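# Summary of structural features
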Amino acid sequence: MTSTPKISIITPTYNSAKTIKDTLNSVLTQNYTNLEHIIVDGKSTDDTLVIVNAYKEKAPYEVKIVSEKDNGIYDAMNKGIGLATGELVGIINSDDWYEPDAIEKTLRTYQHQKYEIVYGMIRIYQDEKISEIQFYSHEFMLQHMICHPSCFVTKATYEDLGTFDLKYRSSSDYDWMLKRYSEGKTTFSTNYEMIANMRAGGMSGSNLGYRETLKLQLEYHQIPKSYFWFYTIKSHVGDVVRKIRGV
């Protein structure tokens, strides 16, 4: 492992023409070129691929583009991991973006362990305004997922310990992190700096994501069954009410 390891960035996308330029530019402006950017598109029907192909032409590093039907965002992430050739892998969604020095900050924290996750802080935007700054420590993984857009993971961790389980549509990243934390084989390296930015919303912020998180917390004995069933049912009722109101 070198002091300037190759970095693989994975971006899953589908019909993201409105936001993906921010994502691509945030990779392009990194002060680091020993990287590759893997864009896994789910057969977009808008101008996403036009934007991506224009970006590929000017990037000073390899850009790999896959565009085909997939089985959701975690399937796209797994495809990207399979194509990754870097020592470290970062996943940034097509409505999120990195800080200009995200890779530099990550490498300052990286301990060069075979199984390692380096993570830091993120900003959450709502209506293009900062709504919160978020950081969750891995020491409290059973209560909160660490900030996934800020994570860089060694390729060996995915290769040897597993990728994302497709039975979860919204919380497979939390499931994956819980497994790595509970196994005790992976080093979690904490960076108390801003690494990435994300827009509020999306699948992870939905009621489906909330219910899947409850299920995982029940599985790891963090909540009683009564709590799980009460809030799961309440969440389903909320979905029905919103549907009736057309919200």
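The name that an unreviewed UniProt entry assigns to the chain is Glycosyl transferase family 2, with the source organism given as Butyrivibrio hungatei DSM 14810.

Counting its regular elements, the chain contains eight helices and nine strands. Relative to the 2.2 N^0.38 estimate, which gives 18 Å for 247 residues, the radius of gyration of the chain is 18 Å and therefore close to what a compact globule would have. In terms of its C-alpha atoms, the chain occupies a principal-axis envelope of roughly 55 × 45 × 35 Å. Restricting to contacts in the chain with at least 6 residues of sequence separation, those with at least 24 account for 79%. For the chain, the exposed area adds up to about 12200 Å²; of that, 51% sits on carbon and sulfur atoms.

Looking now at the environment of Asn 71. The residue Asn 71 is located in the loop between strand S3 (62-67) and helix H3 (73-83) in this model. When its relative accessible area of 56% is taken as the criterion, Asn 71 is described as exposed.

Excluding glycine, a negative phi dihedral is what most residues carry, and trans is how most peptide bonds are arranged. For His 112, which is not glycine, the phi dihedral falls at a positive 60 degrees. Positionally, His 112 belongs in the loop between helix H4 (102-109) and strand S6 (116-126). With a relative accessible area of 31%, His 112 lands in the partly exposed category. Despite not being glycine, Glu 128 shows a phi value in the positive range, around 65 degrees. Among the residues examined, Glu 128 registers a relative accessible area of 55% and is labelled exposed.

Helix length check: helix H7 (residues 207-219) (13 residues) gives 18 Å between terminal C-alpha atoms against 18 Å at 1.5 Å per residue, within 8%. Restricting attention to buried positions, one finds in H7 the residues Gly 209, Arg 211, Glu 212, Leu 214, Leu 216 and Gln 217.

What follows concerns the domain arrangement of the chain. The domain architecture assigned to the chain consists of domain 1 (7-202) and domain 2 (206-246). Taking only C-alpha atoms into account, the centre of domain 1 sits 26 Å from that of domain 2. Across the contact, 13 residues belong to domain 1 and 10 residues belong to domain 2. Regarding the contact of domain 1 and domain 2, the summed buried area is about 1100 Å², with carbon and sulfur atoms giving 55% of it. There are five residue pairs in polar contact (both at pLDDT 80 or more) connecting domain 1 and domain 2. Looking at side-chain class alone, the side of domain 1 that touches domain 2 contains four nonpolar, five polar and four charged residues.

What counts, and at which threshold
- Residues numbered from 1 in each chain as written.
- Predicted model: local features only at pLDDT ≥ 70, side-chain atom pairs only at ≥ 80, totals over all residues.
- Heavy atoms only, no water.
- Helix = DSSP H or I, 4+ residues; strand = E, 2+ residues; numbered from the N terminus.
- Rg over C-alpha atoms; globule rule 2.2 N^0.38 Å.
- Contact = heavy atoms within 4.5 Å.
- Areas by Shrake-Rupley, 256 points an atom, 1.4 Å probe, with all protein chains shown as cover.
- Buried < 20%, exposed > 50% of the residue type's maximum accessible area, 1.4 Å probe, protein only.
- Expected span 1.5 Å × (residues − 1).
- Domains from an automatic or database assignment.
- Buried area = accessible area lost by both parts, 1.4 Å probe.
- Polar contact = N/O pair within 3.5 Å; in protein donor to acceptor, adjacent residues only side chain to side chain.
- Nonpolar A, V, L, I, M, F, W, Y, C, P; charged D, E, K, R; others polar.

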